[in-house]
Structures are given as C-alpha cells and as structure tokens.
Protein chains: 2
Amino acid sequence: MGPKRCAVASEESLMRIFTVPEAPDSTLSKIELEISNNLAGFLNENIAAIEKPLHDIEKDFQSAVIPEEPMFVSDYAQDIMEQLVAHSVHTAAPSFIGHMTSALPHFVLPLSKLMVGLNQNLVKIETSKAFTPLERQVLGMMHHLAYGASDKFYDKWMHSASTSLGAFCSGGTVANITALWIARNRLLKADGQFKGIAAKGMVAAMLHYGYKGLAVLVSERGHYSLGKAADVLGLGRDNFIAIETDANNKVNVPKMREQAHKLEAQGIKVMALVGVAGTTETGNIDPLDDMATLSEELGCHFHVDAAWGGATLLSANNRHLLNGIERADSITIDAHKQMYVPMGAGLVLFKDPAASDAIEHHAEYILRKGSKDLGSHTLEGSRPGMAMLVHACLRVIGRKGYQMLIDKGIEKAKYFASLIEQEPNFELISQPELCLLTYRYVPVQVRKAIESASEQERIDIYAALNRFTASMQKRQREAGISFVSRTRLTPSQYDSQPTVVFRVVLANPLTSKSILQGILDEQKALAKTDPIFKKYLLKYMT
Amino acid sequence: MGPKRCAVASEESLMRIFTVPEAPDSTLSKIELEISNNLAGFLNENIAAIEKPLHDIEKDFQSAVIPEEPMFVSDYAQDIMEQLVAHSVHTAAPSFIGHMTSALPHFVLPLSKLMVGLNQNLVKIETSKAFTPLERQVLGMMHHLAYGASDKFYDKWMHSASTSLGAFCSGGTVANITALWIARNRLLKADGQFKGIAAKGMVAAMLHYGYKGLAVLVSERGHYSLGKAADVLGLGRDNFIAIETDANNKVNVPKMREQAHKLEAQGIKVMALVGVAGTTETGNIDPLDDMATLSEELGCHFHVDAAWGGATLLSANNRHLLNGIERADSITIDAHKQMYVPMGAGLVLFKDPAASDAIEHHAEYILRKGSKDLGSHTLEGSRPGMAMLVHACLRVIGRKGYQMLIDKGIEKAKYFASLIEQEPNFELISQPELCLLTYRYVPVQVRKAIESASEQERIDIYAALNRFTASMQKRQREAGISFVSRTRLTPSQYDSQPTVVFRVVLANPLTSKSILQGILDEQKALAKTDPIFKKYLLKYMT
C-alpha cells in the first residue's frame, strides 16, 4: 500500500490528492471494486436491515465545526461506510416499492464516473462543447416522442442558436416552475410601450393588461411542486385552484370548465391549465385531450406534468393513455423516475420553439447573443452533464426496451391489485392505471361495523383506521424487509373523508410476484400485533 | 469476454443490464479503469486538442428519433468516446484558466460512484435517511464558517424538524433565487386578515402593504442570475437597480444609499441589497460591512452572493476580505467552484433559523409537518446526495488544506498580474483581489496613438481593440493549448467605454508559473498573426 494521503496539510500531500489516484488496494478503491462487481450485493451487505432511530444517526453528524486538519481518505471511507452507507435507504431493493426509485442499469455507474471526471458545465459551450449538441439531441428526441413533429422541424430547431426545444434541469419541480414561468411571461408579454413582466414585474403587468387576477386550474391530485411554482412566480397558492377528481382520481373537466367561466366572468384571467399524467399518489392520468380543448376555448397555456407518466410514451401499447399530451404547450418529464436514470435529471419540453424566448437572458462573459449556450434558456445556471446518462439509456435500452419495462410495470401493478382483491381483509383503494396503486388493511368485521355504525361511530372508526394504517406503515419500514409508503386520499367509499392508505410504485424491474405476495403476508402478520389496532379496532372483531 | 449485453429487446437481456455488472474486460470497464488509474492522462489522451467546429460535432447528434432497438453497451461506449469525450472541454487542464473549473481531488470519483449507486433522494428521510443528517451537518458547518454562532445554537437548530439553516441546491442560481424568494416573502408576509404573498400573490400583497413598487439594489457587476431571480419572482428586471462600481469593481455604497433614499421617497420599498463577494468577471468583493449597515438603516434584507468568494472564508489569512458577511441575512456559496466539488453543488445559508419558514411547504405523502424532510424548505424537489461530496472534501482536505488552496490561488493571481505588468504590450485591467484578473494586449504604440487621438479616432481604436481581443481569445481557444475567457468591462482608462478583456481564474492548484508565462508567450505570438490586428491596428504601429 502506498503512503497514506493528505493527513498533514503540507503542500505536497495536498497536491497528491489532485494528481495521484487512489491506490488499487486502498479502502476506497476496494469499496469501489465491490460496487463494480456486484452493486446489489454491496447494497444488501452494507445497508443495515434494521432501522436505527434518526436521533442515533444524527449523533455522527453533530459537529458544526469544519475540522482544522486534513484526514486520510481511507479513514474517511471507513467512517462513511459505518455512519452513512449503513444507514442509507436501499432504494434499489426489489421490496422497496414505496417510492419512485428502482434498481438502475449497471452501465450508468461507470458512465457517471466518466461524467464526473469530465466535469463539464452545460451552461455554456465553452465548458461543455459536445455535451451541448448531445443535450440538444436528447431534448429533441423527447420532443419528438411527445409531439412527433417533422424531420424538417428538428433540422431547423434542434441545434438552433436562437432557441431550445426544452430545458434540462435537476428535476420535475424546476421543470414545472420553468413551464409556468414561460406561461406567465407569454401572457404578460411586452405590448406597445409596456416592456413586459420580465422587465417590469407582476404589478405593472397586471395594471397594463387590466386583469383583476390570474388563476391556474389543476386537479386536486396535482403535485405539491405546483404550489411552490405559484408561490415563487408571485401568483399565489390560493390562485392555483384545485378541481375535484372523479372516482379514478382524474380531474373532472366539466367542473374545470365551469370554474374557468366563473373566474373569467369575475375578470380573472385563467393563465394555464395543468394536466397531470401520472399523479404522484395514485398514478392516474387526467383527460388530457379534453383539457387541451378547454385550454383552446380559454386561450390559455396548457401544461402537462408528466414527471412520472411521461415515460409511458415510450410504450406503443400504453402511450394511448396519454392521448392529448401532443396538444400541450409544455410537458414535464423526469428521467430519474421511470426512465431509470440516477437522481438529478428532469426536463421540460416546449411545443413551440419560440416559447423559450419568454425567459431568454444574456450576460457579458457567456450566453452572448447568437451563441448556442444552453444556459440562456434555463432557470438553473451551471449544470452537470446528466443528459449523457439519459442519452445512454435511450440508446442502450432503446424504445423497445423501455416499452417492455413500462408494460411490465403496469402488468405487475394489475397483478398486485388482483392479489389484494383476493384477500378479504385488504381493500384496494385505487386501481392501477400506470404502475401505482393504493390500498389498505381493513378486516371484514371492521367493514361490517362501519356499515351498521352511526355517523359519530363511523368517524371514530375512520380515525382509528387512519392511525392503524400509519402505524403499520411505520412498523414495516422499521423492520427493514420491505417498504411501502403512505398518503392520504378522500375516496368515496369512506364518505370522501381523509383516508390514510398504503401506496406502492411498481417500477423496479426486479420486483417479483413472490416479493409482492411476501409484502401482503408481512402486513397480515403486522396487523395482528399492531398496538393501535389492539387499542382501537379489536373491539369490532366479533 | 461474457456475452454482449442487451442488443435484442428480450426480457432476459433487458434484465441483465439491471443485474449483471459490466464484465471487467468490456470496453466500458476499460474506460473506467483508465479513469481510475490516471484521470489526467485519460483526459489528455482522449480529448482532442484541436477544436472541431461545432456544426461538425452536431452531425453526430442529428437524429430526433429515439432508436427502436437496444444497443450493446460496448458499442455505445465506443461511440461516446469518439463523438462526445473527444470533443468535450478539458476543464481540468492546468492551462484551462478561463472559467471557474479546476482539477478535482481524485477521491471524489469513487465517491461519486458510491453516491450514484446508493441513488438517495434528499427530498425526504424515507429515501435518504443518514444522508439527511449529513446534509444538515454540511449546512451547519458552512453556517458556522460564515456566522460562527454558538454551540448551543447548532445543538438547537442543526437537526431541528422545524427549520433548516440553509438549502442545498444544484447551483448558485437556485441559491440566489431561494434567498430572494425568502426576502420577498418575509417582507410581504401574512398580516392580520391578509394571508401573505405566498398564498395571495404579488398584486394582493402590494395592495395590502401599499408600496408603489419594490426594488433590489446591486452592483453593476452582479451575476446575471440576479436578473433571472427578478424575472422569476415577479419583481421585474428593471427593478433590480444596478449601482455603479469604483475603479476596483466594488459597489459604491454612498451611491447605493443615495439611490435607496430616492426610491423610498417615491414610495418604492427597497426589498433587499445584494452584495457580491467575488464578482464573476473580476473577483472583487463589495464593501460588505458598509452594505450591512445600510441594510439596517433601510430595514431590508441583505443577501451576499458569495458563489465564488465564499470559499475564501476557509482561509484565516484572507477571510478578512469578506468582513461584514456575518451580518448578511442570507449567503450563496457554490461548492462546485472553489471548494473543488464536481458540478451540481450549491447552497444558500440563512442567518436566522426562522427564515426558511417563509417558503415552507408540505404534502400528504411526504414533507409532513414535524418530519425532518429537507424538501419542505427547498425550491427543488427530488435531489441527489451531492452533500456527501462536500462533506468528504471538508473532512479530507480540512480547513487548513483549503486555506492553502485559497491562499495559493490568490498568490498565483498576484504573480500573474506582476508578469503582465512587466510586459510592455500587455495591460492589466483589473488587479486580483481573489484569484481572478482581467487584462488585454495593447501594444505601446497603440496606447500612444490613443493618447494623441481625436475623440472619433479614439472610438475607432477602442472598437478595433475590442474586435482584436475577441479574435485572439477565439483563436487561442481553437488552438487547444490553453484557454482564457473574455468579458466586457467599462474601465476608466478607456473613458468607461465597453472594453473587451481577457479574463482568467487561477483556482486550479496544478496551474504552474511556467504555464502562465507560456500563455502570455502564446498570446504574443497570436497577436502578431491576428487578422483583425492587421486590418485595423497595424497602421498605428509606427
């Protein structure tokens, strides 16, 4: 083993960390080799199965003082294995079906290292060169997937200095903000003497256009990032109007139309409709085609948040579920969700190549007019070359490969739904449309008790069931064998009362049918020993 | 060599990319091994020295159609080496001194792979667990570095569920937007019946508070991201007032005070002052202490954009340059700049732990009240575990190691400035305060011609010098030996006219004195053959 590195802050030892790579037999190199040889094995072995309480984990991250002295890389690697890796979350585990994570294709690991080693900055050509055309191609491919414009269109616009067909970003939230930023700026654009909202701000813009207010209409199942967008953009959360959904968690478009007309009668301009393609909680898709028609009637922007569901466009068998998306002015898609790219890759697409003009900006040292720098049309500034990983997945997996992954996920969710429906004590709350579903554990006897209960008793039972479901979810997570998440819905079978449910996402291609059966079996066992159940629900089990 | 992977979209071959790692003798594994063994050598060998025109590079990224069929990983790896890596930018080269990139410490490469393999999502504990306390510690350490609060303070707040001492984000732009979002929301907060700007939007807020307008005052050298923040937040770019700077590119605080009083007399509320600690173009630092005093007088938010200069706080010898920063309400620092972390790591710090209340948000399925989920106080949603790389650098390099790196950079810039000043045909435009400086090539004879020129002639010579400098910078970049960037300043020696200059950033610890001499020698040779020089300036060389 070579000399240990950088534990004395001499110039020489410091220079070594920039010039001499890790020795092949160093602790860190050994860790890396394990990851390369068998990532799943590495994660299984090194992530502790049993959850350590958070306040215990925090003890290792307690000091707010930056250490004065340097530290050996090997010692740091040792620490991080014990303090960080051991208490991370095994998001790639086939039994971790609670959130939108999955096992990743292996080739993204070495490619990520290549990306970090190249350390390009996509804000400008001068620090990214070929990465800029690559990112423009990825945006073009995704644009074509959604909108299917002509070859001529992409020849003209994909590498055009004057625009961008979309914006790459760290994730769906920035994508949604970018889309609504464009919608706002296009509505309140420069007009005669008025220089536009970008220059003059919201108050001047509203005075100029004479609107009494602006509103955005979106399903009550819309992602919480839309509320952030409302806040950041100066529109106000209360002006993002939640429209109720039907029994399938799809927005009720007639109600949306009614609400829009009511607002417009009050002098409030509907700035945008937001359709959801794959709600975070249930995976359902709004009637996008009807919404597109409504947005045309209203003359407003139509944005589709397909952060989750956008990848479904890759399946010829299921893309019809998103019919109408090709009429959207902008679309959000997260590559780090169902496109199996590591965390930190979102994008927003603009139907009209002129859309990004509304947020164009320049500087003296970069992003000069006429340059092809991508940074002139993004909310973020400096950005890493994550587009390479999306490019790699699109090419290595191919459209047909993605189709298989998407279709399998949906089939698996339907299979899991059928398992749940066969179990008398489980109750399916939302049917899978994509690969998400929700359910909960409600013993037959409790269901009977609800049927014959008074209104007050029903409220008590509902509250007890909510606490019970939350308790079970937490206990299952802590046991470390499997993980489902939970959320709160308002299903009609529970008088539209807030109802806590288990939520699962079946995107991991490694999740098998037997794992799904195992999760239900585990939950049945957990139910029997649940303290909340014993305290509040046992009495109905007669 | 094992069977080639995933070139037919059969389920089996598709599953293999999720389960079987790259074979050690595969093309991609070999590339990775080269990176591990000798990153600098890999970059030197594989990035083409001579620049290929962008439109030629674009030919390899021309199709907007996602390929139907899967592709062998090895074939993809081959393609990417030829089409992407060969035409990337060698941002780590010691002679690449034009932008804020540098060689990276070697240990960040294997750690990045670990990060990608773990694929944590920092938005919530359920997908990050120990990464959340780690990120909170990094924010705490940086907060302590800037504000130096008491142990008791960090014990109370660092891991508190009710707040966050800052926000990690993809970069300085999101950090600046977050800071000004908080400033805006705190100024226009809920008040009596009024629910605050977050809920009701900008127009209602301004009506409630009765301001005729809002303004933000900032140096004319402020980063372009501030303009984006003005736009996004609905404030308007014209309401971000650029205040002139002195000969050292530091904002003139008396002028700022004068402007502030003028605005307030018109009923326009000054929402925030923004101080710059390390201007992007020249590396100068505003008089932060005077600005803090002014912001107290005005009762407004004081934000410091220390995206570049914040790392200087790590040097006990130079942190005095940022005196007054500890009085700022919020501070932006980019770890992917002078903290030597790979691209995609910025942060914003809040002096007051209650600051982030102004942008707090919740959802049903995560970020529930009382949780320690970091996502309830960030602009972004899903985010990767980049904080680990900052944590690693802080611990392995240590404060003293950073001090050495920061001090060396500043010394090197002073050395380069002295070289330039010794050369009669070069002219130093901005003296280095941190490790940035600007200069240009102006032969003595041309300078003499300016002295005796009429006003019209001067304007002609200035224009010719600008075109000449831009031409030289482009030709030097294309030759591929070294890279300086260029920007446009308004120095007093050129009648405060727009003046194109070379800009260098000397943060790469591997940039030697002989490289710096070589860059000047190369530029002298380039000047002799420059076509713009011949056409417009040769006539003055008598």
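Fair warning: this is a prediction, and the values are worked out from it, not measured in the lab.

What counts and how
Residues numbered from 1 in each chain as written. Chains lettered and ligands numbered in written order. Predicted model: local features only at pLDDT ≥ 70, side-chain atom pairs only at ≥ 80, totals over all residues. Heavy atoms only, no water. Helix = DSSP H or I, 4+ residues; strand = E, 2+ residues; numbered from the N terminus. Rg over C-alpha atoms; globule rule 2.2 N^0.38 Å. Buried < 20%, exposed > 50% of the residue type's maximum accessible area, 1.4 Å probe, protein only. Contact = heavy atoms within 4.5 Å. Areas by Shrake-Rupley, 256 points an atom, 1.4 Å probe, with all protein chains shown as cover. Lys, Arg positive; Asp, Glu negative; His and termini not counted. Charge placed at Lys NZ, Arg CZ, Asp CG, Glu CD. Pairing = 2+ DSSP bridges. Axes fitted to C-alpha atoms, helices over the stretch in contact; angles between N-to-C directions. Buried area = accessible area lost by both parts, 1.4 Å probe. Salt bridge = Lys/Arg side-chain N within 4 Å of Asp/Glu carboxyl O. Polar contact = N/O pair within 3.5 Å; in protein donor to acceptor, adjacent residues only side chain to side chain. Nonpolar A, V, L, I, M, F, W, Y, C, P; charged D, E, K, R; others polar. Right-handed = clockwise from strand over helix to strand, strands pointing away. Least-squares fit on C-alpha atoms with pLDDT ≥ 70 in both. Arc of directions from axis to C-beta. pLDDT = per-residue confidence, 0-100. Phe/Tyr/Trp six-rings, centres within 6.5 Å; stacked < 30°, edge-to-face > 60°. Lys NZ or Arg CZ within 6 Å of the ring centre and 35° of its normal. Disulfide = S-S within 2.5 Å. Parallel < 35°, antiparallel > 145°, perpendicular 65-115°, else oblique. Left-handed = near helix turned anticlockwise from the far one by under 90°.

## Here's the deal with the overall build of chain A
Scanning chain A for helices and strands turns up 18 helices and 11 strands. Since a compact globule built from 542 residues should have a radius of gyration of about 24 Å, the 26 Å found for chain A is in line with a globular shape. Its C-alpha atoms give chain A principal-axis dimensions of roughly 75 × 75 × 45 Å. When burial is assessed residue by residue, chain A has 65% of its 542 residues classed as buried. Counting only contacts in chain A whose residues sit at least 6 apart along the sequence, the fraction spanning at least 24 positions is 70%. Taken as a whole, chain A presents about 18,000 Å² of accessible surface, with 52% of it coming from carbon and sulfur. Here chain A carries 57 positive and 59 negative side-chain charges, and the mean point of each set is 2 Å from the other.

## Overview of the sheet that holds strand S10 (residues 485-489) of chain B
All names here are of chain B. Strands sit in the order S8-S9-S11-S10 across an open sheet of four strands; the sheet is antiparallel. Each end of this open sheet is capped by a strand with a single partner; those strands are strand S8 (426-430) and S10. Neighbour to neighbour, the strand axes of the sheet diverge by 40° on average, direction disregarded. When strand S9 (residues 436-441) meets strand S11 (residues 499-505), the two strands line up antiparallel, connected through four bridges. From the neighbouring strand, Leu437 faces S11, where its bridge partner is Val504.

## Comments concerning the sheet that holds strand S6 (residues 330-334) of chain A
Residues and elements named next belong to chain A. The strand order across the open sheet formed by seven strands is S1-S7-S6-S5-S4-S2-S3, and the pairing between neighbours is mixed. Among the strands making up the open sheet, the edge pair consists of strand S1 (166-169) and strand S3 (240-243). Ignoring strand direction, the axes of neighbouring strands in this sheet form an average angle of 20°. As defined by bridge partners, strand S5 (residues 301-305) adjoins S6 across three bridges and the pair is classed as parallel. Along S6, the bridge assignment pairs Asp305 with Thr332.

## A closer look at the pairing of strand S11 (residues 499-505) of chain A
Residue and element names in this part refer to chain A. Counting buried positions along S11 gives seven out of seven residues, so the element sits mostly inside the fold. Residues Thr499, Val501, Arg503 and Val505 of S11 are buried on one face, and the alternating residues Val500, Phe502 and Val504, pointing to the opposite face, are buried as well. Relative to S11, strand S10 (residues 485-489) is paired through five bridges, and the arrangement is antiparallel. Across the sheet, the residue bridging to Arg486 is Phe502, located in S11.

## Quick notes on the interface of chain B and chain A
Facing the 169 residues of chain B at the interface are 168 residues of chain A. Contact between chain B and chain A buries roughly 15,000 Å² in total, counting both sides, with carbon and sulfur atoms accounting for 64%. Across the contact surface, chain B and chain A share 24 salt bridges. As a salt-bridge pair, Lys400 of chain A and Glu69 of chain B come within 2.4 Å of each other at their nearest N and O atoms. Across the chain B-chain A interface, the total number found is 84 residue pairs in polar contact (both at pLDDT 80 or more). Looking at the side of chain B that touches chain A, the element that brings in the most residues is helix H14 (residues 387-422) of chain B, giving 14 residues. Here the residues of the side of chain B that touches chain A are counted per class, giving 85 nonpolar, 48 polar and 36 charged.

## Observations regarding the pairing of S3 of chain A
A regular strand carries its side chains on alternate faces of the sheet. Residues and elements named next belong to chain A. Bridge count between strand S2 (residues 213-219) and S3: four bridges; the pairing is parallel. Of the residues in S3, the one forming a bridge with Val216 is Phe240. A crossover connection joins S2 to the parallel S3 through helix H11 (residues 225-232); in handedness this β-α-β unit is right-handed.

## Some thoughts on the relation of the copies chain B and chain A
Expressed as a screw transformation, the operator carrying chain B onto chain A has a rotation angle of 180° and an axial translation of 0.0 Å, and the superposed copies differ by an RMSD of 0.0 Å. Expressed as a symmetry operation, the mapping of one chain copy onto the other fits a two-fold axis. When the interface residues of chain B are mapped onto chain A, 99% of them again fall at the interface, so both copies present the same face.

## Some thoughts on the environment of Ile397 of chain B
Position of Ile397 of chain B relative to the elements: it lies in helix H14. C-alpha of Ile397 of chain B to C-alpha of Pro105 of chain B: the two residues are 292 residues apart in sequence and 9.2 Å apart in space. In contact with Ile397 of chain B, not counting residues within four places along its chain, are Leu14, Ile17 and Pro70 of chain A together with Pro105, Phe107, Ala392, Tyr402 and Leu405 of chain B.

## Overview of helix H13 (residues 288-298) of chain A
Residues and elements named next belong to chain A. Listing the buried residues of H13 in full gives Leu288, Met291, Ala292, Leu294, Ser295 and Leu298. When H13 is viewed along its axis, its buried side chains cluster within an angular range of 165° and face the same direction. Tucked into the core, H13 has its buried residues touching helix H12 (253-265), strand S4 (268-276) and S5. Directly after H13, the chain includes Gly299, whose backbone phi takes a positive value near 65°.

## Description of the confidence of the model for chain A
Residues of chain A with pLDDT of at least 70 account for 98%, and the chain-wide mean is 95. Here the prediction assigns the complex a pTM of 0.97, and the interface score ipTM is 0.96.

## Notes on H11 of chain A
All names here are of chain A. Counting buried positions along H11 gives eight out of eight residues, so the element sits mostly inside the fold. All buried positions along H11 are accounted for by Ser225, Leu226, Gly227, Lys228, Ala229, Ala230, Asp231 and Val232. Note on H11: the residue one or two positions beyond its end, Gly234, has a positive phi of about 80°.

## Some remarks on the pattern of salt bridges
All names here are of chain B. Applying the stated criterion to the full structure yields 58 salt bridges over all chains. Between Arg327 and Glu296 there is a salt bridge, with its nearest N and O atoms 3.2 Å apart. Residue Arg327 is located in the loop between strand S5 (301-305) and strand S6 (330-334), and its partner Glu296 is located in helix H13 (residues 288-298); the two are separated by 31 residues in the primary sequence. According to the relative accessible area criterion, Arg327 is partly exposed, its value standing at 23%. Take Glu296: its relative accessible area is 54%, and that puts it in the exposed class.

## Here we look at the packing of aromatic side chains
If you walk through the whole model with that rule in mind, you get 26 aromatic pairs over all chains. For the ring pair Phe18 of chain A and Tyr340 of chain B, a centre distance of 5.5 Å and an interplane angle of 80° mean the geometry is edge-to-face. Highlighted residues: Phe18 of chain A in helix H1 (residues 11-19) and Tyr340 of chain B in the loop between S6 and strand S7 (346-350), drawn from two different chains. Each member of the pair, Phe18 of chain A as well as Tyr340 of chain B, carries the same accessibility label: buried. Here Phe426 of chain A and Tyr441 of chain A contribute two aromatic rings whose centre-to-centre distance is 5.1 Å and whose plane-to-plane angle is 85°, an arrangement assigned as edge-to-face. In this pair, Phe426 of chain A is assigned in strand S8 (residues 426-430) and Tyr441 of chain A in strand S9 (residues 436-441), connecting sequence segments 15 residues apart. Exposure class is identical for Phe426 of chain A and Tyr441 of chain A. Each is buried. The side chain of Lys513 of chain A reaches across the aromatic face of Tyr415 of chain A, ending 4.6 Å from its centre.

## A closer look at the state of the cysteines
Residues and elements named next belong to chain B. Tallying each qualifying case throughout the model produces zero disulfides over all chains. Distance from the sulfur of Cys435, which forms no disulfide, to the nearest cysteine sulfur (Cys393) is 17 Å. Residue Cys435 is classed as buried on the basis of its relative accessible area, which comes to 0%.

## A look at the packing of H12 of chain A against H13 of chain A
Residues and elements named next belong to chain A. Put simply, H12 and H13 touch, their axes get as near as 10 Å, and they point 15° apart. By the criterion of interaxial angle, the relationship of H12 to H13 is roughly parallel. Classified by chirality, the crossing of H13 by H12 is right-handed. Residues Val253, Met256, Arg257, Ala260, His261 and Glu264 of H12 touch H13, and the partners they reach there are Asp290, Met291, Leu294, Glu297 and Leu298. Split into classes, the residues belonging to the contact of H12 with H13 amount to six nonpolar, one polar and four charged.

## Quick look at the packing of H11 of chain A against helix H9 (residues 172-187) of chain B
Axis angle and axis distance: for two packed helices, these are the angle between their axes and the distance between the axes, and together they describe the pair. Contact geometry for H11 of chain A and H9 of chain B: axes closest at 11 Å, N-to-C directions at 70°. Accordingly, the angle class assigned to the pair H11 of chain A and H9 of chain B is roughly perpendicular. Contact residues: H11 of chain A offers Lys228, Asp231 and Val232 of chain A, while H9 of chain B offers Trp181, Arg184 and Asn185 of chain B. For the contact of H11 of chain A with H9 of chain B, the per-class residue count stands at two nonpolar, one polar and three charged.

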